[in-house]
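# Coordinate inspection notes
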Amino acid sequence: MIVNEQEKDNAILAGKIAAKAIGYGKSLIIPDARMVEVLDKIEQFVKEQGGEMAFPAQVSLNETAAHYCPLADDPSLFKSTDIIKLDLGVHIDGIIADTAVTIVFKKDNPRYDELSEIKNASEEALKNAIQYIRPGMTLGEIGMIIQETIARYDLSPIKNLSGHGLGKYSVHEHPTIPNFDTRDKHELEDNQLIAIEPFATNGHGMIFESNNATLFSM
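This report concerns the structure included in the present document.

The rules behind these values
Every chain begins its residue count from 1, and numbering advances along the sequence as written. Local features are withheld for residues below a pLDDT of 70 in this predicted model, meaning they are given only at 70 or higher, and side-chain atom pairs are given and counted only at 80 or more; totals for whole chains, interfaces and linings count all residues. As a rule here, side-chain values cover all heavy atoms of the structure and leave hydrogens and water aside. Counted as salt bridges are all cases of a side-chain nitrogen of Lys or Arg within 4 Å of a carboxyl oxygen of Asp or Glu. A pair of strands is labelled paired if DSSP reports no fewer than 2 bridges between them. Strands are runs of DSSP state E lasting at least 2 residues, helices are runs of H or I lasting at least 4, and numbering of each runs from the N terminus. The nonpolar core is taken to be a set of buried Ala, Val, Leu, Ile, Met, Phe, Trp, Tyr and Cys residues, with the residues joined through side-chain atoms within 4.5 Å. Three exposure classes are used, based on accessible area relative to the maximum for each residue type with a 1.4 Å probe and protein chains only: buried under 20%, partly exposed in between, and exposed over 50%. A positive count includes Lys and Arg, and a negative count includes Asp and Glu. His and the chain ends are not counted in either. Residues count as neighbours in contact if any of their non-hydrogen atoms are within 4.5 Å of one another. As a rule, the C-alpha atoms of each element are fitted with a line to give its axis, helices using only the stretch in contact, and angles between N-to-C directions run from 0 to 180 degrees. Note that the term roughly parallel is reserved for angles under 35 degrees, roughly antiparallel for angles over 145, roughly perpendicular for angles of 65 to 115, and oblique for everything else. Handedness of a crossing is defined here by the sense of rotation of the near helix relative to the far one, left-handed for an anticlockwise turn of less than a right angle and right-handed for a clockwise turn. The criterion for an aromatic pair is that two Phe, Tyr or Trp rings (for Trp, the six-membered ring) have centres within 6.5 Å, with stacked assigned to planes under 30 degrees apart, edge-to-face to planes over 60 apart and tilted to the rest. Geometrically, a charge over a ring is one whose NZ (Lys) or CZ (Arg) sits within 6 Å of the ring centre while staying within 35 degrees of the ring normal.

Summed over all chains, the structure comprises six salt bridges. With a closest N to O distance of 3.4 Å, Asp82 and Lys79 form a salt bridge.

Next comes the structure, spelled out in structure tokens:
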């Protein structure tokens with residue numbers, strides 16, 4: 001989506017609320033906290049800040065890479081050895097900010113060093129992509145930056161998860177923003193609304209969908 005000035009202002013406001021919500025969520029995510037209760041509090045916080053949820057707040061633990069949304073009776077608690085992704089989207093009049101953060105606990109976590117490398121690789125890949133992004137840059141070039149950054153940690157990007165375009169009341173739109181060098185020559189445009197989503201893994205770099213769907217669109 002190419003945004004006009006009003007839509008750009010809404011995107012910035014949505015992003016500011018999402019950033020506050022991410023910070024609030026990080027403060028709630030501690031060992032033995034119940035996952036669904038944390039997410040309910042985050043969604044309430046977004047509404048109190050004047051935003052609306054673009055999609056349900058969700059978390060992904062360990063080998064689950066994305067899009068796990070617990071049901072109301074889910075008893076799951078966070079553990080000190082988890083690697084956790086908090087994923088949320090905020091919209092203002094349909095204009096969406098889509099953001100996420102990775103959380104690793106240090107206390108009582110023998111896997112801290114290993115999991116921190118995955119977290120750091122993803123964060124640095126996002127930072128590097130943002131540093132170089134500009135109108136006219138190709139999708140393949142973004143993917144190359146992400147891939148090369150993650151490879152420096154001896155990790156792999158997840159190739160069949162990607163960033164994406166954002167539209168009005170539409171979370172996933174073209175173009176696909178790859179996490180590896182696809183050599184795609186499609187160029188970014190000025191004022192184009194996108195989400196860059198690096199995924200680093202110490203696994204094979206490919207995911208499969210589970211058969212327990214809890215996230216739906218209407």
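Read across the sheet, three strands follow the order E6-E5-E7 without closing on themselves; strand pairing throughout is antiparallel. Looking at which strands have only one partner, the edges of the open sheet turn out to be strand E6 (170–177) and strand E7 (194–195). Examined bridge by bridge, strand E5 (residues 163–167) and E7 share two bridges and lie antiparallel to one another. Paired with Gly165 across the two strands is Ile194, which belongs to E7.

The next point concerns the nonpolar core. Within the largest apolar cluster, 28 residues are counted, with the highest numbers of intra-cluster contacts made by Ile29, Ile42, Phe78, Ile84, Leu86 and Leu88. Elements with a contribution of two residues or more to this core: helix H1 (5–28), helix H2 (35–48), strand E1 (52–61), strand E2 (83–92) and strand E3 (95–104). Judged by nonpolar contacts, the second largest core, of 19 residues, contains Ile118, Ile145, Leu155 and Leu188.

Checked against the element boundaries, Asp87 lands in strand E2. Here Asp87 is buried and forms no salt bridge, its nearest opposite-charge partner Lys85 lying at an N-O distance of 4.0 Å. Not counting residues within four places of it along the chain, the set of residues in contact with Asp87 comprises Phe55, Pro56, Ala57, Gln58, His67, Asp98, Thr99 and Ala100.

Its location among the elements puts Ile96 in strand E3. For Ile96 and Lys159, which are 63 residues apart along the polypeptide, the C-alpha to C-alpha distance reads 24 Å. Setting aside residues up to four positions removed in sequence, Ile96 forms contacts with Ala54, Val90, His91, Leu166, Gly167, Tyr169, Ser170, Val171 and Leu193.

Here we come to the pairing of E3. By the criterion of burial, E3 is predominantly enclosed, with eight of the 10 residues buried. If you look at the hairpin formed by E2 and E3, you'll find two residues sitting between the two strands, and Asp93 has a positive phi there, around 50°.

At a closest axis distance of 10 Å, the pairing of H1 and H2 adopts a crossing angle of 150°. In this view, H1 runs roughly antiparallel relative to H2, as classed from their interaxial angle. Crossing handedness for the pair H1 and H2: right-handed. Counted together, Ile17, Lys20, Ala21, Tyr24, Gly25 and Leu28 of H1 and Val38, Lys41, Ile42, Phe45 and Val46 of H2 form the full contact between these two elements.

Once that is clear, we can look at the packing of aromatic side chains. Counted according to the given criterion, the structure contains one aromatic pair. Summarising the aromatic geometry, the rings of Tyr24 and Phe45 are spaced 4.6 Å apart at their centres and angled 20° between planes, so their arrangement reads as stacked. One end of the pair, Tyr24, is in helix H1; the other, Phe45, is in helix H2, and 21 residues separate them in sequence. Phe45 gets classed as buried once you look at its relative accessible area, which sits at 16%. One cation-aromatic arrangement involves Lys159 over Phe180; the distance from NZ or CZ to the ring centre is 5.1 Å.

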